[in-house]
Amino acid sequence: MSHGNMNLTLKIWRQKNDKETGKLVTYPVKDISPDMSFLEMFDVLNEELINKGEEPIAFDHDCREGICGMCSMFINGRPHGPKRGVTTCQLHMRSFKNGDTIVVEPWRAAAFPVIKDLTVDRSAFDRIIAKGGFISVNTGNAQDANNIPIPKPDADASFEAAACIGCGACVATCKNSSAMLFVSAKISQLALLPQGRVEATTRVKNMVAQMDEEGFGNCTNTGACEIECPKGISLENIARMNREYFVANIKS
Amino acid sequence: MSNSSANFIQSSLGKKLLMGLTGLFLISFLVVHATLNSFIFAMDGGDLFNQGAHFMATNPIIRIMEIVLFIGIILHIVQALVLTLKNQKARPVKYAVNDGKANSKWYSRSMGILGSLLLMFLVIHLSHFWVGTKAAQFGGTIDEHNTYIEIIEVFHNPLIVLVYLLGVISLGYHLAHGFQSSFQTLGLNHPKYTPLVKLAGLWFSILITIVFAAMPISVYFGIVK
Ligand code: HEM
Ligand code: SF4
Ligand code: FES
């Protein structure tokens, strides 16, 4: 074993499909480099499993650089593991110690059914976004820059909300499986800009209605989502969504 | 497409709004209640306290507010029940390992349990004092009704004092989260003022706990007699 490498015990949720009940299965892994990412460690384990003729562990991943939001893993009781502001693909094995036991589970929510092992179906998020509809922009020639003046703080707040990658960590960690951080980010990014104001009333109503229909829970403001969100989406967005929703319901 | 405001109160955010509004209303009641309680420390054999109690038992506006208060508590409890059941259904399979303390306070995750403890306490509490006052009101003996003597008698029992302390501590933790939570629910979050709201909520919860705990403790130890 080269210097600094680790031996670990993994307990990983295995589940054949959405019908069968799964269970935690123990896998020892040896000689793991602290510079590997968590997903690379899974690649090593999967290679071993394939060589032994066993079924590899299904897990979601795509960009492996923290922008696609696919790599959903609930690691030792926290989404994306122990570090703040990172996704699982950005988590390095140096965040663990030689001899550690690491429990890995899929996101747990009625609205995110398990497809297989650690992969879950997050299309509920897509349906909520689709309910947001479109924004009104005039077609034709491109507008002059700065044609519509937007205060810098609004533009910044909108940009920060738009940083949400739809990973679902907020739902996964919330004791109520509430999607309100995600939905409020998607509502805020448009509600803060003049182009998004035109349909703001119907947008917030439709997105909240879809969120409820998908079976997500109700926020109790524990603030866990804000701590665990890899993109640092703020609770201010949830308050903004609440305001938008109340005003929208007063108006129409 | 669900577009009508008729769905408002059925929606998650509508229910939460009701939760927050009733919670804040109940807090305003606590302020009045705690103020009247502290009248026992006038050390005048209960004169001031009994005047306060008599005013509360006879003033017509307070009589109406009492009904509003009961409706508020019922709405708060019913919404709490509905929301908590929905939230439990939203996660049918639990995690084997869930490190809640890494990202939130235990009392923010225990509002249902704290509220249920509060409810149990409330029933005991009402059976001690409210029932007696009601009987006097309807029996026409409210002018002779001495609430001060009533509390002195009730708080001689150490078991009752213990139950009250547990009830009051549950209330303190319920408010430690609930006070600031209700502002967030109403959509009032601002980088400048939210830290102040959180601080005020914490100190309010501590103060309320101390004031309510002071009555049974000081009666039991004979400081107030
Ligand atoms: C004097 C009595 C009470 C007061 C002053 C009070 C106050 C509050 C406040 C201010 C909130 C925050 C609302 C929000 O976040 O929008 C709250 C939430 C809550 N209360 Fe109460 N409450 C009381 C009694 C109860 C009782 C008797 C129960 C249960 C049977 C209960 C259960 C809950 C639950 C489950 C929540 C939701 C947690 C949350 O959204 O933060 N409460 N309460
Ligand atoms: S709000 Fe944060 S945690 Fe939730 S989906 Fe968006 S990026 Fe992920
Ligand atoms: S794989 Fe894209 S964010 Fe992790």
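Counting starts from 1 at the beginning of each chain's written sequence and moves along it residue by residue. Naming scheme: in the order in which they are written, chains are lettered from A and ligands are numbered from 1. Local features in a predicted model are, by the rule used here, given only for residues with pLDDT of at least 70; side-chain atom pairs are given and counted only at 80 or more, and totals for whole chains, interfaces and linings are based on all residues. Side-chain metrics rest on all non-hydrogen atoms present in the structure, leaving aside hydrogens and water.

1. A few points about the overall build of chain B
Okay, step 1: Per the secondary structure count, chain B includes seven helices and zero strands.
Okay, step 2: When the helices and strands of chain B are read in sequence order from the N terminus, they spell out α-α-α-α-α-α-α.
Okay, step 3: Dimensions of chain B along its principal axes, counting C-alpha atoms only, are 60 × 40 × 40 Å.
Okay, step 4: Accessibility here uses a 1.4 Å probe with only protein chains present; expressed as a share of the type maximum, an area under 20% marks a residue as buried, one over 50% as exposed, and anything in between as partly exposed. For chain B, the residues scored as buried account for 43% of the 225 residues in total.
Okay, step 5: All accessible-area figures derive from a Shrake-Rupley calculation using a 1.4 Å probe, and residue coverage is judged against the displayed protein chains alone. In the form shown here, chain B has an accessible surface area of approximately 12300 Å², with 74% of it arising from carbon and sulfur atoms.
Okay, step 6: His is not counted, nor are the chain ends, whereas Lys and Arg count as positive and Asp and Glu as negative. Charged side chains are reduced to one point each, which is NZ for Lys, CZ for Arg, CG for Asp and CD for Glu. Of the charged side chains in chain B, 14 are positive and 8 negative; the average position of the first set lies 29 Å away from that of the second. Strands here are runs of E lasting at least two residues and helices are runs of H or I lasting at least four, both read from the DSSP assignment and numbered beginning at the N terminus.

2. Observations regarding a nonpolar patch on the surface
Residues and elements named next belong to chain B.
Okay, step 1: Residues Phe 41, Met 43, Ile 217, Tyr 220, Phe 221 and Ile 223 make up a contiguous nonpolar surface patch of about 590 Å² in total accessible area.
Okay, step 2: Position of Phe 41 among the secondary structure elements: in the loop between helix H1 (12-37) and helix H2 (47-58).
Okay, step 3: Of the residues examined, Phe 41 reaches a relative accessible area of 35% and is grouped as partly exposed. Patch membership requires over 30% relative accessible area and the absence of a salt bridge. Like charges are linked within 9 Å, and nonpolar side chains (Val, Leu, Ile, Met, Phe, Trp, Tyr) within 5 Å. Just to be clear on terms, a salt bridge is a Lys or Arg side-chain nitrogen sitting within 4 Å of an Asp or Glu carboxyl oxygen.

3. Examining the packing of H1(B) against H2(B)
Residue and element names in this part refer to chain B.
Okay, step 1: Axis definition: a line fit to C-alpha positions, over the contact stretch in the case of helices; interaxial angles, taken between N-to-C directions, run 0 to 180 degrees. The interhelical angle for the contact between H1 and H2, taken along N-to-C directions, is 145°, at an axis separation of 9 Å. Residues Val 32, Leu 36 and Asn 37 of H1 form the contact with H2, whose participating residues are Phe 49, Gly 52 and Met 56.
Okay, step 2: Residue polarity follows a fixed list, in which Ala, Val, Leu, Ile, Met, Phe, Trp, Tyr, Cys and Pro are nonpolar, Asp, Glu, Lys and Arg are charged, and the others, Gly among them, are polar. Considered class by class, the residues forming the contact of H1 with H2 number four nonpolar, two polar and no charged. We call two residues contacting when some pair of their heavy atoms lies within 4.5 Å.

4. Focus on the packing of aromatic side chains
Residues and elements named next belong to chain A.
Okay, step 1: Centres within 6.5 Å make a pair out of two Phe, Tyr or Trp rings, where for Trp the six-membered ring is used; the pair is then stacked when the planes are under 30 degrees apart, edge-to-face when over 60, and tilted otherwise. As enumerated under the stated definition, the model contains 22 aromatic pairs over all chains in all.
Okay, step 2: Considering the side-chain rings of Phe 112 and Phe 125, the 5.2 Å spacing of their centres and the 75° angle between planes classify their relative orientation as edge-to-face. Here the residue Phe 112 occupies a position in the loop between strand E5 (101-105) and strand E6 (114-116), and Phe 125 occupies one in helix H2 (residues 123-131), the gap between them amounting to 13 residues.
Okay, step 3: By relative accessible area, which is 1% here, Phe 112 ends up buried.
Okay, step 4: Taking 3.6 Å as the distance between ring centres and 5° as the angle between the ring planes, the aromatic pair formed by Phe 125 and Phe 182 counts as stacked. Placement of Phe 125 in helix H2 and of Phe 182 in helix H5 (residues 180-191) is noted, with a sequence separation of 57 residues between them.
Okay, step 5: For Phe 125, a relative accessible area of 3% puts it in the buried group.
Okay, step 6: Accessibility expressed as a relative area gives 2% for Phe 182, which makes it buried.

5. Thoughts on the domain arrangement of chain A
Residues and elements named next belong to chain A.
Okay, step 1: Each domain of chain A was delimited in the assignment, giving domain 1 (6-105) and domain 2 (123-251).
Okay, step 2: Residue ranges for the domains originate in an automatic or database domain assignment. Inter-centroid distance (C-alpha atoms) of domain 1 to domain 2 is 30 Å.
Okay, step 3: Two parts placed together each lose some accessible area under a 1.4 Å probe, and adding up what both lose gives the buried area. Where domain 1 abuts domain 2, roughly 930 Å² becomes buried across the two surfaces, and 52% of that area is made up of carbon and sulfur atoms.
Okay, step 4: Summed over the shared surface of domain 1 and domain 2, the number is one salt bridge.
Okay, step 5: Here Glu 228 makes a salt bridge to Arg 78, at a shortest N to O gap of 2.8 Å.
Okay, step 6: Polar contact is the term for a pair of N or O atoms within 3.5 Å; when the atoms are in protein, one must be able to donate a hydrogen and the other to accept it, and sequence-neighboring residues count only if both atoms are side-chain atoms. Joining domain 1 to domain 2, the criterion identifies two residue pairs in polar contact (both at pLDDT 80 or more).

6. Comments concerning the sheet that holds strand E2 (residues 23-32) of chain A
All names here are of chain A.
Okay, step 1: Strands pair, by our definition, only if DSSP identifies at least two bridges between them. Spatial strand order, E2-E1-E5-E3-E4: five strands in an open sheet with mixed pairing. Lying at the two open borders of the sheet, with one neighbouring strand each, are E2 and strand E4 (78-79).
Okay, step 2: Strand direction decides the pairing type here: strand E1 (residues 6-14) and E2, joined by eight bridges, are antiparallel. Bridging across to E2, Lys 11 finds its partner in Thr 26.

7. Quick look at the packing of helix H6 (residues 158-185) of chain B against helix H7 (residues 194-220) of chain B
Residue and element names in this part refer to chain B.
Okay, step 1: In contact at an axis separation of 8 Å, H6 and H7 are set at 170° when each is read in the N-to-C sense. Between H6 and H7, the interaxial angle falls into the category roughly antiparallel.
Okay, step 2: Looking at the contact of H6 with H7, its residues break down into 20 nonpolar, five polar and one charged. Oblique is the label for every angle not falling under 35 degrees (roughly parallel), over 145 degrees (roughly antiparallel), or within 65 to 115 degrees (roughly perpendicular).

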